[in-house]
Amino acid sequence: MPHRVAVLAFDGMAPFELGCVVEIFRVARPDGVEWYDLTVCAEIPGPLDVVGGFTMTPSHGLDAFEKADTIVIPGVRDVRRPIAPALAAAIAGAHRNGARIVSICSGAFALAAAGLLDGRTATTHWRYAPLLAARFPAVTVTPGVLYVDHGDVLTSAGSAAGLDLLLHLVRTDRGPTIANAVARRLVIAPHREGGQAQFIETPVTPTEEDAVGQAMEWALTRLATPITVREMARQAAMSERSFLRHFARKSGTSPLKWVIAQRVAASLPLLEGTTAPVEEIATVCGFDSPVTFRHHFTRAMKTSPSAYRRAFHVGTDSLAVGIR
């Protein structure tokens with residue numbers, strides 16, 4: 001059976017987050033691939049008012065949660081009001097039954113009310129983060145990131161960060177080849193690390209952005225070799241201190257974390273499309289040892305390189321298709 005996704009609609013909701021879920025999980029991309037089975041539901045089936053002056057009418061209630069493999073809560077109507085007990089109970093019950101629970105933006109309040117975030121880190125839109133922490137002190141709120149993935153429970157920042165998280169789910173479920181195809185169809189970035197900043201106070205100037213981008217391009221051509229901040233700063237014609245500051249403004253992360261993420265990403269098609277040993281892939285992708293590769297891969301992908309290969313391997317080509 002296809003992977004079943006249920007998304008909650010509610011009275012007074014803004015349509016963007018729900019639209020993101022529909023775009024990712026209802027429209028099959030690429031063509032010909034068995035896709036997800038999406039159900040839009042509400043606490044009580046019937047007409048709902050939507051921001052923008054129109055209505056929608058979900059035909060399913062919270063009982064749809066009982067059959068879902070993944071449940072997405074794209075927000076709550078009012079972050080200052082208690083979550084309906086029936087909704088919190090349905091979320092908690094679905095989680096006990098093995099469903100993956102996902103929130104976008106203020107949807108984290110519903111997950112917290114269901115008790116799923118107690119003792120965990122979580123994120124939400126930066127403007128709601130103080131209130132989430134105050135209302136649910138057992139939750140460790142991290143307002144500076146795009147999304148947090150615990151495997152069974154995932155939370156994301158506001159609006160567009162939800163797209164990053166949903167695409168991350170596709171990448172986790174189907175591998176990077178399919179996820180990249182989805183991103184191309186939607187004309188969005190194929191992958192942004194969850195730990196990137198969701199809000200950058202001071203944007204870089206066009207000149208600074210070009211310089212940092214040039215250093216990034218240079219690093220991407222030599223992932224298999226050692227790369228230092230000093231070398232990247234030199235490519236950008238900046239001091240190390242200035243480069244670190246401008247890089248963070250452009251990418252929301254540090255140069256070394258970014259390089260590690262690119263090396264992990266470069267290993268994915270090799271694990272999918274070759275039979276090369278993991279040790280060899282580690283070397284080709286620039287990790288100084290297989291142990292280091294496994295550590296960073298597991299941290300980023302929530303699984304080991306070998307387990308990833310078992311799940312997504314599709315070819316038997318040699319390592320000749322690897323990094324150049």
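For the structure, see preceding data.
The sections below set out a description of the structure shown in this document. Since we're looking at a predicted model, the values are computed, not measured.

What counts, and at which threshold
- Residues numbered from 1 in each chain as written.
- Predicted model: local features only at pLDDT ≥ 70, side-chain atom pairs only at ≥ 80, totals over all residues.
- Heavy atoms only, no water.
- Helix = DSSP H or I, 4+ residues; strand = E, 2+ residues; numbered from the N terminus.
- Rg over C-alpha atoms; globule rule 2.2 N^0.38 Å.
- Buried < 20%, exposed > 50% of the residue type's maximum accessible area, 1.4 Å probe, protein only.
- Contact = heavy atoms within 4.5 Å.
- Areas by Shrake-Rupley, 256 points an atom, 1.4 Å probe, with all protein chains shown as cover.
- Lys, Arg positive; Asp, Glu negative; His and termini not counted.
- Charge placed at Lys NZ, Arg CZ, Asp CG, Glu CD.
- Pairing = 2+ DSSP bridges.
- Right-handed = clockwise from strand over helix to strand, strands pointing away.
- Axes fitted to C-alpha atoms, helices over the stretch in contact; angles between N-to-C directions.
- Parallel < 35°, antiparallel > 145°, perpendicular 65-115°, else oblique.
- Nonpolar A, V, L, I, M, F, W, Y, C, P; charged D, E, K, R; others polar.
- Salt bridge = Lys/Arg side-chain N within 4 Å of Asp/Glu carboxyl O.

This part covers the overall build of the protein chain. In terms of regular secondary structure, the protein chain is built from 13 helices and 10 strands. Scaling as 2.2 N^0.38, a compact globule of 324 residues should have a C-alpha radius of gyration of about 20 Å, and the protein chain matches this with 21 Å. Taken along the three principal axes of its C-alpha coordinates, the protein chain extends 60 × 45 × 35 Å. Relative to its 324 residues, the protein chain shows a buried fraction of 49%. Put simply, 65% of the contacts in the protein chain that link residues at least 6 apart link residues at least 24 apart. Of the roughly 15200 Å² of accessible surface on the protein chain, 54% is carried by carbon and sulfur atoms. Counting 32 positive and 30 negative side-chain charges, the protein chain places the centres of these two groups 4 Å from one another.

Where strand β1 (residues 4-8) lies against strand β2 (residues 37-41), 5 bridges are found, and the strand directions are parallel. Looking at the pairing, V5 lines up with L38 of β2. As a crossover connection, the stretch from β1 through helix α1 (residues 15-25) into β2 is right-handed.

Taken in spatial order, the 6 strands line up as β2-β1-β5-β6-β10-β9 in an open sheet, and their pairing is mixed. Of all strands in the sheet, those with a lone pairing partner are β2 and β9 (147-149), marking the two edges. Across the sheet, the mean angle from the axis of one strand to that of its neighbour is 15°, orientation sign disregarded. Two elements, β1 and strand β5 (residues 70-73), share 3 bridges in a ladder whose sense is parallel. Directly across from V7, in β5, lies its bridge partner V72. Relative to β2, α1 is tilted by about 160°, and along the sheet it contacts β1, β2 and β5. Contacting β6 (100-103), β9 and β10 (153-156), helix α5 (residues 160-174) runs over the sheet at an angle of about 150° to β10.

The interhelical angle for the contact between helix α10 (residues 255-273) and helix α12 (residues 290-301), taken along N-to-C directions, is 90°, at an axis separation of 10 Å. On the basis of their axis angle, the class for α10 and α12 is roughly perpendicular. In contact with I260, V264, S267, L268 and L271 of α10, α12 contributes F293, H296, F297, A300 and M301. Residues of the contact of α10 with α12, tallied by class, amount to 8 nonpolar, 2 polar and no charged.

What follows deals with the pattern of salt bridges. Evaluation of the coordinates by the stated rule reveals 8 salt bridges. Linking D173 and R100 is a salt bridge whose minimum nitrogen-to-oxygen distance equals 2.8 Å. Here D173, found in helix α5, pairs with R100, found in strand β6; they are 73 residues apart in sequence, far enough to count as distant. Exposure remark for D173: the relative accessible area of 25% places this residue in the partly exposed category.

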